[in-house]
Amino acid sequence: MKNMPTYNLGTLNIVSHDASKLTEAIGIPEHRFDDLVQLARSAWDYEDTISESIEYVAQRVTGSEAVLALIILGRIWEQNSDNK
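Residues numbered from 1 in each chain as written. Predicted model: local features only at pLDDT ≥ 70, side-chain atom pairs only at ≥ 80, totals over all residues. Heavy atoms only, no water.

Colleague: Sorry, what's going on with the nonpolar core here?
Modeller: In a soluble, globular protein the nonpolar side chains are often hidden away together inside. Membership of the largest hydrophobic core comes to 16 residues, with the highest contact counts inside it found for L36, L39, V57, V61, L68, A69 and I72. The set of elements that each furnish at least two residues to this core consists of helix 2 (32-46), helix 3 (50-58) and helix 4 (63-83). When residues of this core are assigned to their parent elements, the largest contribution, 6 residues, is made by helix 4. Excluding residues that lie within four positions of it along the chain, V57 makes contacts with L39, A43, A66, A69, L70 and L73. (Core = buried A, V, L, I, M, F, W, Y, C linked by side-chain atoms within 4.5 Å. Buried < 20%, exposed > 50% of the residue type's maximum accessible area, 1.4 Å probe, protein only. Helix = DSSP H or I, 4+ residues; strand = E, 2+ residues; numbered from the N terminus. Contact = heavy atoms within 4.5 Å.)

Colleague: Can you help me understand the packing of aromatic side chains in this one?
Modeller: Two aromatic rings, taken as a pair, are described by how far apart their centres are and by the angle between their planes. If you walk through the whole model with that rule in mind, you get 1 aromatic pair. The interplanar angle of 40° and the centroid separation of 5.2 Å between the aromatic rings of Y46 and Y56 together place this pair among those described as tilted. Taken together, the residues Y46 in helix 2 and Y56 in helix 3 connect sequence positions 10 residues apart. With a relative accessible area of 57%, Y46 lands in the exposed category. Look at Y56 and you get buried, because its relative accessible area is 12%. Taking the ring centre of Y56 as reference, the NZ or CZ of R60 above it sits at 3.6 Å. (Phe/Tyr/Trp six-rings, centres within 6.5 Å; stacked < 30°, edge-to-face > 60°. Lys NZ or Arg CZ within 6 Å of the ring centre and 35° of its normal.)

Colleague: Looking at this model, I keep getting lost on the side chain of T23. Mind explaining?
Modeller: Relative to the elements of secondary structure, T23 occurs in helix 1 (residues 22-25). Taking relative accessible area as the criterion, T23 reaches 5% and is therefore assigned buried. Within polar-contact distance, the side chain of T23 engages the side chain of E30 at 2.8 Å. Apart from the residues lying within four places of it in its own chain, the contact partners of T23 are I28, E30, F33 and L68. (Polar contact = N/O pair within 3.5 Å; in protein donor to acceptor, adjacent residues only side chain to side chain.)

Colleague: Explain helix 2 here, please?
Modeller: Since one α-helical turn is 3.6 residues long, residues separated by three or four positions face the same way. Here helix 2 contains 15 residues, and its C-alpha end-to-end distance of 21 Å stays within 8% of the 21 Å for a straight helix at 1.5 Å per residue. Burial in helix 2 covers these residues: L36, V37, L39, A40 and A43. Across the axial projection of helix 2, the buried residues extend over an arc of 160°, all falling on one side. For helix 2, the exposed residues set more than 90 degrees away from the buried face come down to D34, D45 and Y46. Residues of helix 2 that are buried make contact with helix 3 and helix 4. (Expected span 1.5 Å × (residues − 1). Arc of directions from axis to C-beta.)

Colleague: I tried to follow the packing of helix 2 against helix 3 on my own but got confused; where do I start?
Modeller: Each packed pair of helices is defined by two parameters, the angle between the axes and the distance between the axes. At a closest axis distance of 8 Å, the pairing of helix 2 and helix 3 adopts a crossing angle of 140°. As judged from the angle between their axes, helix 2 and helix 3 are oblique. The two elements helix 2 and helix 3 cross, and the hand of that crossing is right-handed. Taken together, the residues of helix 3 that come into contact with helix 2 (itself represented by L39, S42, A43, W44 and Y46) are I50, S53, Y56 and V57. Residue classes in the contact of helix 2 with helix 3 are distributed as 7 nonpolar, 2 polar and no charged. (Axes fitted to C-alpha atoms, helices over the stretch in contact; angles between N-to-C directions. Parallel < 35°, antiparallel > 145°, perpendicular 65-115°, else oblique. Left-handed = near helix turned anticlockwise from the far one by under 90°. Nonpolar A, V, L, I, M, F, W, Y, C, P; charged D, E, K, R; others polar.)

Keep in mind that these numbers describe shape and distance, not what the molecule does.
Take a look at the structure:
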């Protein structure tokens, strides 16, 4: 088995349980949300398998941003699966 690259995705830190938005709760600036949605869409469009799409995200963001981008990627995957 070849050596697989490793990525530090960091940890998810919930900053506020009373937050009205997910980005606020996990401490991501609101202006980054659209960037993370676009990253997830690019990951879905660019790669052939879901694991490659996950790796695409992991190479570009870490920590809470990676978690949110992977959640968005999961939603895109679900939508595409429902449409088939």
